[in-house]
2 protein chains.
Amino acid sequence: MRGLVLVAHGSRRAAANVEVAELARQVALQAGARYGVVTHGFLEMAEPSIPDAIQQAIDAGATEVVVVPYFLSAGRHVTEDIPRQVRRKQADCSAVRMTIAPYLGALATIPDLLLKLASGSLSCETEQRLA
Amino acid sequence: MRGLVLVAHGSRRAAANVEVAELARQVALQAGARYGVVTHGFLEMAEPSIPDAIQQAIDAGATEVVVVPYFLSAGRHVTEDIPRQVRRKQADCSAVRMTIAPYLGALATIPDLLLKLASGSLSCETEQRLA
């Protein structure tokens, strides 16, 4: 069974971490049969950690885990810190196949999404306009 | 003429700021006739500032400016800091209509994009797999 682990940076603001948990819930709802379990973890400043989030997926029965970095920039977190944590977990759990998906900001569609945001032509959860 | 101002947080890592400049260039390439000018600015830690990026768009002839926050989370930066800077600039330039688009993370399609990232079915600029 495949598991998806959404990984975010983690924030001192509890509300930002709750947003990530809610996003993981939305991903799970939309995953259908593709992923039997969806968990979320944080690189720092919040719990669960990335290894713990992977373990939650394994405990739920995942034999393949894909880690999806919810990051916009290919900074050290994306290129070094997340891979290091996943590799360490992989070394402990050799029976589970772990991969890291491209980070969100790597999507080739980002410029188009930004243009659609600018024109208000995409549905959004919130909108803000200057008063 | 309409201008689009892409706003990112700004990083101590020069490469991350260059990524934002490159993204703005891609947005400009794809904007076609919709936006006569596309600039980019940073909330902190890098130049140009948000007011300066708006001014660049105005100097290029923009009479309407839409600010697009390249942020994933509706934290204080998105809800307070960016609007405050744009409002202040708006007060100085009453002839130019300024609006703030929803931030990237507000897109209702984010869960679907994450699922597509996980399955490798969307084209990306970079990919990383565990060795």
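Here goes a summary of the coordinates provided. Predicted, not measured: the structure shown is a model, and the values here were computed from it. (Residues numbered from 1 in each chain as written. Chains lettered and ligands numbered in written order. Predicted model: local features only at pLDDT ≥ 70, side-chain atom pairs only at ≥ 80, totals over all residues. Heavy atoms only, no water.)

1. Section: the relation of the copies chain A and chain B
Filter applied, for reference: The superposition of copies rests on a least-squares fit of C-alpha positions from residues with pLDDT of 70 or more in both. Any two residues whose heavy atoms approach within 4.5 Å are treated as being in contact.
With an RMSD of 0.0 Å, the fit of chain A onto chain B corresponds to turning through 180° and sliding 0.0 Å along the axis. Expressed as a symmetry operation, the mapping of one chain copy onto the other fits a two-fold axis. Among all C-alpha atoms of chain A, that of Leu72 of chain A lies closest to the rotation axis, at 3.8 Å. When the interface residues of chain A are mapped onto chain B, 100% of them are again interface residues, pointing to one common binding face.

2. Considering the interface of chain A and chain B
Accessible area lost upon the coming together of the parts serves often as the stated size of an interface. To be explicit about the condition: Two parts placed together each lose some accessible area under a 1.4 Å probe, and the buried area is that loss summed for both. Each salt bridge in this description consists of a side-chain nitrogen of Lys or Arg and a carboxyl oxygen of Asp or Glu lying within 4 Å of one another. Under the rule applied, a polar contact is a pair of N or O atoms within 3.5 Å (in protein, one hydrogen donor and one hydrogen acceptor; residues adjacent in sequence only if both atoms are side-chain atoms). Under the DSSP-based scheme used, a helix requires at least four consecutive residues in state H or I and a strand at least two consecutive residues in state E, with every element numbered from the N terminus. Each residue gets one label: Ala, Val, Leu, Ile, Met, Phe, Trp, Tyr, Cys and Pro are nonpolar, Asp, Glu, Lys and Arg are charged, and the others, such as Gly, are polar.
On the side of chain B, 55 residues touch chain A, which itself brings 55 residues to the contact. In total, chain A and chain B occlude about 4,900 Å² of area from one another, counting both sides; carbon and sulfur atoms represent 67% of this. Scanning the region where chain A abuts chain B turns up 0 salt bridges. Where chain A touches chain B, the interface holds 2 residue pairs in polar contact (both at pLDDT 80 or more). Top element by residues in the side of chain A that touches chain B is helix H4 (residues 110-119) of chain A. It accounts for 9 residues. Residue composition of the side of chain A that touches chain B, by class: 35 nonpolar, 11 polar and 9 charged.

3. Focus on the packing of aromatic side chains
Quick note on the threshold: Aromatic pairs are defined between Phe, Tyr and Trp rings, using the six-membered ring for Trp, whenever the two ring centres lie within 6.5 Å; interplanar angles under 30 degrees are classed as stacked, those over 60 as edge-to-face, and all others as tilted. Criterion for a charge above a ring: Arg CZ or Lys NZ at most 6 Å from the ring centre, at most 35 degrees from the ring normal.
Taken as a whole and assessed by the stated rule, the structure comprises 0 aromatic pairs over all chains. It is Arg2 of chain A that lies over the ring of Tyr35 of chain A; its NZ or CZ is 5.3 Å from the centre.

4. Re helix H4 (residues 110-119) of chain B
Note on helix geometry: an α-helix contains 3.6 residues per turn, so any two residues three or four positions apart are oriented the same way. Test applied: Each residue's exposure class comes from its accessible area (1.4 Å probe, protein chains only) as a fraction of the maximum for that residue type: buried when under 20%, exposed when over 50%, partly exposed otherwise.
Burial analysis of H4 of chain B places 7 of its 10 residues in the buried class, the great majority of the element. Listed in full, the buried residues belonging to H4 of chain B are Ile110, Pro111, Leu113, Leu114, Leu115, Leu117 and Ala118 of chain B. Check the buried side of H4 of chain B and you find it contacts strand E1 (2-8), helix H1 (14-31), strand E3 (64-69) and H4 of chain A. At the exit of H4 of chain B stands Gly120 of chain B, carrying a positive phi of roughly 70°.

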